[in-house]
Amino acid sequence: MTITKPLLAALLCGFALSVGLNTRGAAAADAPAPPSQGTAYTDNGADTCLMCHAAWPYPILPIFKTKHGQRDDPRSPFARSPGTPFAGLQCETCHGPGAKHAGSGDKNAINSHKPTSFLPPEERSKVCLGCHENNARTGWHASTHENNGIACTDCHRLHVERDPVRATASQPQVCYKCHRKTRAEYNLPSVHPVRAGTISCSDCHSPHGSTSDGMLVKPTVNQTCFTCHAEKRGPFLWEHAPAAENCTICHHPHGSVYHARLKKNPPLLCQQCHTVSGHPAVARTPAGLPGGSAGASGFLLAGGCINCHSQVHGSNHPSGVKLMR
Amino acid sequence: MKTSNQLLLLGMLSALPVTVPVADAARPDTSKWECKSCPVEQGWSGSVDVGAGNVSDKSAAFGEYNGLFRNGGFLVGDGAMQFRGPDAYYWNIYASDLGLDTRKLNAEGGRQGRYKLLLGYEQFAHRISDTSMTPFLGVGGASLTLPPGFPGATTAAMPLAASLQRMEINQDRKRSMIGASWMPANNWEYSFNYRHETRDATKRIAGSFFVYAARLIEPVEYHTDQMDIAASYTGGRLQAKLAYSVARFRNDNDALTWQNPFAVPAAPGALSGQLALAPDNQFHQVLASAGYQFSERTRVSADIAWGRMTQNQAFPASTLNAGLAVPALPASSLDGRADTLDANLKLTSALTQRLRLSAIFVHNERDNQTPRNSYPSVSTDMFLGIPRTNLPYSFTDDKLKLSADYRLTARTKLAAGYDQDRRKRTLQEVGTTDEDTVWGKISTRFTDKVDMTLKLAHGERKGSNYEPVPGGVRPPENPLLRKYYMANRDRDSAGLRIDFAATDAINVGFGAESSKDDYSDSAIGLTSGRDRSLNADVTWIVTEQTSLHLFANREEIKSTQRGSQAFSIPDWTGENKDTIDTVGIGVKHAAIKDKLDIGADYMVSRAKRDIKVETGAANPAFPTVSASVDSLKLYADYRLKDNVSLVGSYWYEDFDSSNWMLEGVAAGTIPNVLTFGEQTPRYRVNVVRFAVRYRF
């Protein structure tokens, strides 16, 4: 189950072939007229749409319990007295001019906002950004999600009373649709409490765009971690350089096999950087396990290095230079 | 590339030609759009769940975060309510797990489009361990003492059988939140948010006297206040925000004192020790951000944030050993200060319908202004050491990311990019590292039913000279060591994703990722790393009443490091390999249409960590560190009446783990370390819940 170079080469060849075929096909085919929505609006707005869609298998009426369905907000799609260019067009505020669709029933004559829509993701998101490109969404353009062809409605559901991606307990399931490896990581024994529904992905990540690594809510990894772990902010008298720089040098942010989401068990974790002559340089083998030939070793068992150097996040003790006070 | 050059490049890109926005469809006359069929309701609506449940067994591991750590009954209290009134007045209220120690109650209300109020209370129960034991008295306080019979020369000489007491290690967070926002005009919004959090109870720590150590319990009485105020503007082309935030952390305990359980003849005055606990600190930050849409195709956005972290907690005494004459400290507190500057500038422009370019420049800086002083040093309250000077680390990270994506055909999109990352560090072995990464990505729709994306990347990181830090670690590190986060490194990564719509009802997703790190210039330290994963997802709408979801994931993370016992060339190797397998299936079924919905989720996770340390001698292998989870959830919703349902669920979870760092390690197993005798977690727990759901 390893990914070998030949496999990668084969995949690249396959892609190249696909590109070639697609390119040639596009040039040679008698291209039918591309789907288009038309520019004419319906005669009666939502009353036209609901003639068919009120009893639709996918329930749409709960939108009237949401902010989008508020009739007394001049910014809302259903505003009685529209106060913005996009407001008050009812269903067609988001789905676009619907006369062609209403007349033909052609699903490609309306912006369904579904991934199967004839419209590319950027066109689907453009509708939403017309009203919502503010505050946290100023960085959406060229963000990781936008670059990967994600549209707003790939994550958000607007016709339900409560959008699952905006509720702490249900949000991770939405994210796992694409972030499959992360779902597995959150089933490991040492995790942040996402599986328990206590926090959600957006407590740390900014899905609408961020220039930090991992699309974090704060500019850096540590500033993000300090929103919950403020006691580790310092600055300390004696700093542990990697802890001051980036928590993920030692910790896995999602989950780990070992305690405290550490990437490795001590002492190996610490011995990647600490090689001073004496005990840090000594290879700790199973001889130090209980009943082993060297006897139970404090360098290996319980907390390992942490048994003595317990202040790994920094110390404010005048004698804490070795992070032991 | 210097920062000025990067900015120049961004400026040149911003000068690229732009296109005129496409005119939108003409706005229709909506005066007759009466929305007569719109079921707009006013008043309260929602649902409330009230009931009871039972947990079969007590387990801190099972209830680590979910509040179900006790055995026995509990109350079920969940709800979602909303109010819609005239003139856009509204409330949304959500409550969950009110009957547990992990509970949430959040409310948002106001007048939509005018102002908004936020209120919240959240409680998080974190259970850390319920198998730990200690002979110390005063657990949870700032002073740990020992019963008669201590100290002992070794743990075997301590009266542990008579003095060990079982204890629970846990933390409880309680958060209260209040916020408001006000929109006096269409384009402006002002907001205020305040959060107060307390953290109570305990956590693990340890203290030592030379080579004699004891695992201790640290009292946790933390208070954190976080306040944010902001003003934001959203115009036609311009969005801007100015914000200020302050976070203040307070710890009710400055230090933890513990009585030395070991008799240390070489230092008869080392009777007790003191650990400094997390000092009070503050963080202030001013942030400004803006986005501007030059045209439909060209956009620029930028953020800048200035911050300052401060810490000036009084130092504890250098030692509690009255027999040591310690010189005076250079100051009574640190006067610690680190300034942060975080900025980014992003420009994206669609040059043509097919080609889009983007450029991002990011600057992150932590400028540690903490005074450097020489501090007299006492080694673990036993011996006077040589004075040491503190090392306030500063970091600067500049990133430039350039990318282009090109829609080759209607079905195929190509993308490529170049990322440059320059990091500067003070008082560390490497002053500057430069990492250059190139990547390419192709996304294509093979057929109407198959989408594929492949991304490949190659990165190289080179550092300036690796040199010992003057006044740094004493004694010095092995000169062949290269700390991995600063070491020269080649990184190759690949990611493949395939989504296949087998039928209208069946979707299959497949993904593979691989990343390989090579630290070929590192003789000592981490030398290589590899992370590979495969995953698959299947969703199947079996019938109109039944849907199925399956997922599977396998991940392998492997790394190799080298060390030198002789403080010379490498003479031992350590290998770490994590293997994580996860499989799950979920089914939802409308057993009786509009009457009974049932469902089930079953998940199996197997994770293991294999560690090998090779010294050339015949060593046995370390036992595997492992964890396995089998989790089954069944749930049902039976509608008694239009507005009343019975909801029930059953959750069975079986967890097993092994970890040689804890197994067979009783409190006195290690002669010179008094441990908690903590056991690896294992549990088998059943949880049932029944509730009446009332909809209104």
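Worth saying up front: this structure is predicted, and the values here are computed from it rather than measured.

### A look at the domain arrangement of chain A
Residue and element names in this part refer to chain A.
Part 1 of the reasoning: Looking at chain A, the domain boundaries give domain 1 (45-140), domain 2 (141-221) and domain 3 (234-307).
Part 2 of the reasoning: One C-alpha centre belongs to domain 2, the other to domain 3; they are set 31 Å apart.
Part 3 of the reasoning: Here domain 2 packs against domain 3, burying approximately 870 Å² in sum over the two surfaces, 50% of which is carbon and sulfur.
Part 4 of the reasoning: Counting across the domain 2 and domain 3 interface gives zero salt bridges.
Part 5 of the reasoning: Taken together, the links from domain 2 to domain 3 amount to seven residue pairs in polar contact (both at pLDDT 80 or more).
Part 6 of the reasoning: Residue assignment for the side of domain 2 that touches domain 3 shows that the elements contributing at least two residues are helix H9 (180-185) and strand S1 (190-191).
Part 7 of the reasoning: Class assignment of the residues belonging to the side of domain 2 that touches domain 3 gives a composition of five nonpolar, four polar and one charged.

### As for the nonpolar core
Part 1 of the reasoning: The biggest cluster of nonpolar side chains holds 31 residues, and the ones touching the most others in it are Leu301 of chain A together with Val613, Phe622 and Trp660 of chain B.
Part 2 of the reasoning: At the level of secondary structure, the elements contributing two or more residues to this core comprise helix H12 (268-271) of chain A together with strand S27 (572-592) and strand S28 (596-614) of chain B.
Part 3 of the reasoning: The element best represented in this core is S28 of chain B, accounting for three residues.
Part 4 of the reasoning: In terms of domain composition, this core takes at least three residues from each of domain 2 (141-221) and domain 3 (234-307) of chain A.
Part 5 of the reasoning: Those residues in contact with Val613 of chain B, other than ones at most four positions away along the chain, are Leu268, Ala283, Arg284 and Thr285 of chain A together with Trp572, Thr573, Gly574, Asn619 and Phe622 of chain B.
Part 6 of the reasoning: Residues Phe136, Ile205, Ala267 and Met382 of chain B belong to the second largest nonpolar core, which totals 21 residues.

### Digging into the pairing of strand S15 (residues 336-350) of chain B
Residue and element names in this part refer to chain B.
Part 1 of the reasoning: When you tally the buried positions in S15, you get 12 out of 15 residues, the bulk of the element.
Part 2 of the reasoning: Looking at chain direction, S15 and strand S16 (residues 355-368) are connected through 13 bridges and run antiparallel. Paired with Thr340 across the strands is Arg366, a residue of S16.
Part 3 of the reasoning: Taking the residues between adjacent antiparallel strands as the criterion, S15 and S16 are bridged by four residues.

### Notes on empty space enclosed by the protein
With a probe scaled to a water molecule rolled over the atoms, the places where space remains empty come into view.
Part 1 of the reasoning: In the structure shown here, the tally under the stated rule is eight cavities of 30 Å³ or more.
Part 2 of the reasoning: Taken together, Lys218, Gln223, Phe226, Thr227 and Arg233 of chain A together with Gln226, Ser245, Val246, Ala247, Phe283 and Gln285 of chain B make up the full set of residues lining the largest cavity.
Part 3 of the reasoning: When residues of the lining of the largest cavity are traced back to their parent elements, those giving at least two are helix H10 (221-226) of chain A together with strand S10 (238-251) and strand S13 (281-293) of chain B.
Part 4 of the reasoning: Ranked by the residues each element gives to the lining of the largest cavity, the list is headed by S10 of chain B, at three residues.
Part 5 of the reasoning: For the lining of the largest cavity, the per-class residue count stands at four nonpolar, five polar and two charged.
Part 6 of the reasoning: What lines the second largest cavity is Ala302 of chain A together with Arg215, Met661, Leu662, Val665, Thr675, Phe676, Gly677 and Glu678 of chain B.

### Some points on the packing of aromatic side chains
Residue and element names in this part refer to chain B.
Part 1 of the reasoning: Using the criterion set out here, one finds 18 aromatic pairs over all chains in the structure.
Part 2 of the reasoning: A centroid spacing of 5.0 Å and a plane angle of 55 degrees characterise the contact between Trp188 and Tyr233, whose relative ring orientation is tilted. Of the two residues, Trp188 sits in strand S8 (residues 188-209) while Tyr233 sits in strand S9 (residues 212-234), which places them 45 residues apart along the sequence.
Part 3 of the reasoning: Overall, the relative accessible area of 37% leaves Trp188 in the partly exposed class.
Part 4 of the reasoning: Seen in terms of ring centroids, Tyr694 and Phe696 are 6.0 Å apart; in terms of plane orientation they differ by 20 degrees. Their pairing is stacked.
Part 5 of the reasoning: Put simply, the rings of Phe62, Trp651, Phe655 and Tyr683 touch in pairs and so form one group of aromatic residues.

### Details of the interface of chain A and chain B
Part 1 of the reasoning: The interface is formed by 149 residues belonging to chain A together with 213 residues belonging to chain B.
Part 2 of the reasoning: At the junction of chain A with chain B, the criterion picks out 16 salt bridges.
Part 3 of the reasoning: Between Arg356 of chain B and Glu146 of chain A there is a salt bridge, with its nearest N and O atoms 2.9 Å apart.
Part 4 of the reasoning: Seen at the junction of chain A and chain B, the total is 62 residue pairs in polar contact (both at pLDDT 80 or more).
Part 5 of the reasoning: At the level of elements, helix H1 (5-28), helix H2 (46-53), helix H5 (121-132), helix H6 (144-147), H9, helix H11 (241-245) and H12 of chain A are the ones that each hand at least two residues to the side of chain A that touches chain B.
Part 6 of the reasoning: Among the elements that make up the side of chain A that touches chain B, the one with the highest residue count is H1 of chain A (nine residues).
Part 7 of the reasoning: Taken together, the residues of the side of chain A that touches chain B sort by class into 61 nonpolar, 55 polar and 33 charged.

### A look at the state of the cysteines
Part 1 of the reasoning: All chains considered together, the criterion is met by one disulfide over all chains.
Part 2 of the reasoning: The disulfide partner of Cys35 of chain B is Cys38 of chain B, and the gap between their sulfur atoms is 1.8 Å. Sign of the S-S torsion, about -80 degrees for the bond between Cys35 of chain B and Cys38 of chain B, identifies this disulfide as left-handed. This pair shows no difference in class: Cys35 of chain B is buried, exactly as Cys38 of chain B is.
Part 3 of the reasoning: Cysteine Cys131 of chain A is unpaired, with the sulfur of Cys94 of chain A as its nearest cysteine sulfur at 7.3 Å.
Part 4 of the reasoning: Its sulfur unpaired, Cys225 of chain A is 3.8 Å from the next cysteine sulfur, which belongs to Cys247 of chain A.
Part 5 of the reasoning: Residue Cys225 of chain A is classed as partly exposed on the basis of its relative accessible area, which comes to 25%.

### Considering the side chain of Glu108 of chain B
Part 1 of the reasoning: Topologically, Glu108 of chain B is positioned in strand S4 (residues 103-111).
Part 2 of the reasoning: Residue class for Glu108 of chain B comes out buried when judged on its relative accessible area of 16%.
Part 3 of the reasoning: For Glu108 of chain B, the side chain forms a polar contact with the side chain of Lys67 of chain A, separated by 2.5 Å.
Part 4 of the reasoning: At 2.8 Å, the side chain of Glu108 of chain B forms a polar contact with the side chain of Tyr90 of chain B.

### Focus: a nonpolar patch on the surface
Part 1 of the reasoning: Taken together, the side chains of Tyr89, Tyr115, Leu117, Trp182, Trp188 and Tyr190 of chain B define a hydrophobic patch exposed on the protein surface, amounting to about 580 Å² of accessible area.
Part 2 of the reasoning: Among the elements of the structure, strand S5 (115-134) and S8 of chain B are those that each provide at least two residues to the nonpolar patch.

### Structural notes on a negative patch on the surface
Part 1 of the reasoning: Negative charge collects at one region of the surface, where Asp436, Glu460, Asp492, Asp518 and Asp521 of chain B lie side by side.
Part 2 of the reasoning: By secondary structure assignment, the location of Asp521 of chain B is in the loop between strand S24 (506-518) and strand S25 (525-541).

### Thoughts on the environment of Gly648 of chain B
Residues and elements named next belong to chain B.
Part 1 of the reasoning: For Gly648, the position within the fold is in strand S30 (residues 644-658).
Part 2 of the reasoning: Gly648 sits 11 residues away from Asp637 along the chain, and the two C-alpha atoms are 6.6 Å apart.
Part 3 of the reasoning: Excluding residues that lie within four positions of it along the chain, Gly648 makes contacts with Leu634, Tyr635, Ala636, Arg689 and Phe690.

### As for the pattern of salt bridges
Residue and element names in this part refer to chain B.
Part 1 of the reasoning: Applying the stated criterion to the full structure yields 55 salt bridges over all chains.
Part 2 of the reasoning: When the shortest N-O distance is used, the salt bridge between Arg356 and Asp405 registers 3.4 Å. Here the residue Arg356 occupies a position in strand S16, and Asp405 occupies one in strand S19 (residues 395-407), the gap between them amounting to 49 residues.
Part 3 of the reasoning: Of the residues examined, Arg356 reaches a relative accessible area of 15% and is grouped as buried.
Part 4 of the reasoning: On the basis of relative accessible area, Asp405 is assigned to the buried category, the value being 12%.
Part 5 of the reasoning: For the salt bridge of Arg423 with Asp421, the shortest nitrogen-to-oxygen distance reads 3.1 Å.

### Comments concerning the side chain of Asn390 of chain B
Part 1 of the reasoning: Relative to the helices and strands, Asn390 of chain B resides in the loop between strand S18 (383-389) and S19.
Part 2 of the reasoning: The class for Asn390 of chain B is buried, based on a relative accessible area of 0%.
Part 3 of the reasoning: Those residues in contact with Asn390 of chain B, other than ones at most four positions away along the chain, are Leu237 and Trp238 of chain A together with Leu334, Thr370, Pro371, Arg372, Asn373 and Tyr375 of chain B.

### Quick notes on the confidence of the model for chain B
Part 1 of the reasoning: Summing up the model confidence of chain B, the mean pLDDT is 93 and the portion of residues at 70 or higher is 96%.
Part 2 of the reasoning: Residue range residues 1-23 of chain B is modelled with pLDDT below 50. Its contacts to residues more than four positions away, or to other chains, number 31 contacts.

### Some remarks on the sheet that holds strand S11 (residues 255-259) of chain B
All names here are of chain B.
Part 1 of the reasoning: In spatial order, the strands read S6-S11-S12; together these three strands make up an open sheet with mixed pairing. Bordering the open sheet on either side are strand S6 (143-144) and strand S12 (272-276), each of which pairs with just one other strand.
Part 2 of the reasoning: Pairing of S11 with S12 involves five bridges; the strand directions are antiparallel. Residue pairing in the sheet places Ala255 in a bridge with Ala276 of S12.

### Comments concerning the environment of Leu550 of chain B
Part 1 of the reasoning: Structurally, Leu550 of chain B can be placed in strand S26 (residues 546-563).
Part 2 of the reasoning: Linking Leu550 of chain B and Asp537 of chain B, residues 13 residues apart in sequence, is a C-alpha distance of 5.6 Å.

Criteria and thresholds
- Residues numbered from 1 in each chain as written.
- Chains lettered and ligands numbered in written order.
- Predicted model: local features only at pLDDT ≥ 70, side-chain atom pairs only at ≥ 80, totals over all residues.
- Heavy atoms only, no water.
- Domains from an automatic or database assignment.
- Buried area = accessible area lost by both parts, 1.4 Å probe.
- Salt bridge = Lys/Arg side-chain N within 4 Å of Asp/Glu carboxyl O.
- Polar contact = N/O pair within 3.5 Å; in protein donor to acceptor, adjacent residues only side chain to side chain.
- Helix = DSSP H or I, 4+ residues; strand = E, 2+ residues; numbered from the N terminus.
- Nonpolar A, V, L, I, M, F, W, Y, C, P; charged D, E, K, R; others polar.
- Core = buried A, V, L, I, M, F, W, Y, C linked by side-chain atoms within 4.5 Å.
- Buried < 20%, exposed > 50% of the residue type's maximum accessible area, 1.4 Å probe, protein only.
- Contact = heavy atoms within 4.5 Å.
- Pairing = 2+ DSSP bridges.
- 1 Å grid on protein atoms, 1.4 Å probe; cavity = no way out; pocket = protein on both sides within 12 Å on 5 of 7 lines; lining within 4 Å.
- Points joined across faces, edges and corners; volume = space filled by probe spheres on them.
- Phe/Tyr/Trp six-rings, centres within 6.5 Å; stacked < 30°, edge-to-face > 60°.
- Disulfide = S-S within 2.5 Å.
- Patch = residues over 30% accessible without salt bridge, like charges linked within 9 Å, V, L, I, M, F, W, Y side chains within 5 Å.
- Areas by Shrake-Rupley, 256 points an atom, 1.4 Å probe, with all protein chains shown as cover.
- Lys, Arg positive; Asp, Glu negative; His and termini not counted.
- Charge placed at Lys NZ, Arg CZ, Asp CG, Glu CD.
- pLDDT = per-residue confidence, 0-100.

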